[in-house]
Amino acid sequence: MKNKTNISNLITFWGCLPQKRRNQFAMVLVLMVLASLTEVISIGAILPFLGVLTAPEQVYEYAFMQPFIDFFEISNPSKLLLPVTVVFIMAVTFAGAVRLLLLYLMTKISYATGVDLSIDIYRRTLYQDYSVHISRNSSELINGIASKTSAVISNVLMPVLTMVSSVTLMIGIMTALFAIDVMVASLAISGFSFIYFIVIKLTRKRLKNNSKTISEQSTKIIKALQEGMGGIRDVLINGSQQFYCDIYHAADLPLRRASGSNTFIKASPRFIVETIGMILISILAYIMSERENGIASAVPILGALALGAQRLLPALQQAYAGFSTLKGTRDSFEDVLELLLQPLPVEANRVMPLPIPFNYKIELKNLSFRYTDDGPWVLKDVNLKLLKGTRIGFMGNTGSGKSTMLDIIMGLLRQSTGDFMIDNNLIDRNNVRSWQAHIAHVPQAIYLSDGTIEENIAFGVSKEHINHNQVQKVAEQAQISELIKGWREGYQTLVGERGVRLSGGQRQRIGIARALYKNASVIILDEATSALDYETESEVMKAIESLGKDLTILIIAHRLSTLKFCDQIVKLGKNNATQILSYEEIINE
């Protein structure tokens, strides 16, 4: 995707748009042509208008005025002034109205398209495999979804529409000017175009470098904000505020400079061209005044040229500004296109499937896993049978593959070789969602949104669809209901961002209640109590131990005491060795 031409990127972008938006942009294109025609009419109307004001009798010499004169049966030149004035006003008003409508539709459709693209990227990102997510930098994703997508609308889509509109308008204006005076129109258009051509040649490299700078530094800014604010406790304790300010400044300064440079490059040619345009009109006025009939014959042509230039110069500037903006944000545009082209799995457009049958066992057969084709084996030839309703513990040194094994069981990662089966049914891409309907996960760090206790227990469920009775029931099972009832707001108590108002034990119990709210038949605790003190951990484990016997519970723990109520313990050792032991066998080793 990188380093393609702007035309190739725009074609790819067009293919990503919904059909509805394509139809709307086609309608806008038709309106652009209409706006161009109205400009031709308004410029053409100024000739008879100025002619009537300066030399009414010469208006009869204009061939295109004869039908108008005959229709209104005007025999006296002095009677032309009112109808010609009215027609000129109507032409200018209609042209202005069409251009205003065009601007309104361009803006409205462009920003509506921004909504389509943003949600499409977010949706595609959320549906990517877990292996994709763990290999990405969240700062890049957030920047791509939020900032760069908005930039594509303001710095790509709107400029492109403006360029097309301006070029269409210029064609109409040039047609009118050539009809009035070929030589004058040729000189004016050639001169103005040559100036913009030189500017484009001189600024192309700078715009390319600025584009790369803006793309890279905007991501670094998000990263600095995330790391500084995300680790605010350590930042305050260590007094490292200036360190993160320096990182932010090192990214923000070149970004602002590049953006400012693009803004200057985009706007500066206008002043040169306007100055040359005024000089050109002055010279033409002098030359034409020396012709036969003097200034009287020159005024209508000069007026038409002045009006044409007044419309043509902004159109030229807008076309150039659109080009330079598109060139200056090319890298960010390509980043967004990469996100838009993320594959969307088939199940993304399906309703949540029904759970597959799970009545007997989870089985791993000769299962091996590694993250890359040439990477080391994390798991090798694992054979396990985990019976439904049992409590299974997993232990081993850091890096032994405990979390990886549970990620495979949860369907987040796919084994490299071997089979993963439920009740002798092979789990693959086609039915993994049906298996995941059985699973609830309690991680070491429970993510809590800045909402109420109730909203965090029923996580991912809209407020109006929360089952309040179920929330209270699972809170009792997780042994946190009495604590919640003691708070003034009860289940409507706000937990603060990331649960900062709750203790570690309280957060873990809410995590357990969240898992139970799902009515899952398999609960997986991935070091869910490792950050708790011994007393709090004991209370949390009692809550887990008291859960129904139909639940299958898989637990990773560092402390052996955490696993004492487990039916079996899977020990992962060196060289991918796997042992299945009882708690007594473990403590007697």
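Located above this text is the structure these notes cover.
What you see is a predicted model; the values in this text were computed from it and never measured.

Cut-offs applied
- Residues numbered from 1 in each chain as written.
- Predicted model: local features only at pLDDT ≥ 70, side-chain atom pairs only at ≥ 80, totals over all residues.
- Heavy atoms only, no water.
- Axes fitted to C-alpha atoms, helices over the stretch in contact; angles between N-to-C directions.
- Helix = DSSP H or I, 4+ residues; strand = E, 2+ residues; numbered from the N terminus.
- Parallel < 35°, antiparallel > 145°, perpendicular 65-115°, else oblique.
- Left-handed = near helix turned anticlockwise from the far one by under 90°.
- Contact = heavy atoms within 4.5 Å.
- Nonpolar A, V, L, I, M, F, W, Y, C, P; charged D, E, K, R; others polar.
- Patch = residues over 30% accessible without salt bridge, like charges linked within 9 Å, V, L, I, M, F, W, Y side chains within 5 Å.
- Areas by Shrake-Rupley, 256 points an atom, 1.4 Å probe, with all protein chains shown as cover.
- Salt bridge = Lys/Arg side-chain N within 4 Å of Asp/Glu carboxyl O.
- Buried < 20%, exposed > 50% of the residue type's maximum accessible area, 1.4 Å probe, protein only.

**Student:** Got a sec to walk through the packing of helix 16 (residues 468-477) against helix 18 (residues 504-517)? Specific residues and values, please.
**Tutor:** Across the interface, helix 16 lies against helix 18 with an axial gap of 8 Å and an inter-helix angle of 130 degrees. The angle between helix 16 and helix 18 falls in the class oblique. The handedness of the crossing between helix 16 and helix 18 comes out as right-handed. Of the residues in helix 18, those in contact with Gln470, Val471, Val474, Ala475 and Gln477 of helix 16 are Ala513, Leu516 and Tyr517. Broken down by class, the residue content of the contact of helix 16 with helix 18 amounts to six nonpolar, two polar and no charged.

**Student:** Describe a nonpolar patch on the surface, and please don't skip the residues or the numbers.
**Tutor:** Taken together, the side chains of Val33, Leu34, Leu37 and Phe94 make up a nonpolar region of the molecular surface, amounting to roughly 360 Å² of accessible area. At three residues, helix 2 (residues 19-54) tops the list of elements feeding residues into the nonpolar patch. Position of Val33 relative to the elements: it lies in helix 2. Classification of Val33 by relative accessible area gives partly exposed; the value is 42%.

**Student:** Summarise unusual backbone geometry; cite the residues concerned and give the values.
**Tutor:** Of note, Asn424 is a non-glycine position whose phi angle comes to about 70 degrees, a positive value. Position of Asn424 relative to the elements: it lies in the loop between strand 4 (417-422) and strand 5 (425-426). Even without being glycine, Asn519 reaches a positive phi, approximately 60 degrees. Turning to its location among the elements, Asn519 is positioned in the loop between helix 18 and strand 7 (522-526).

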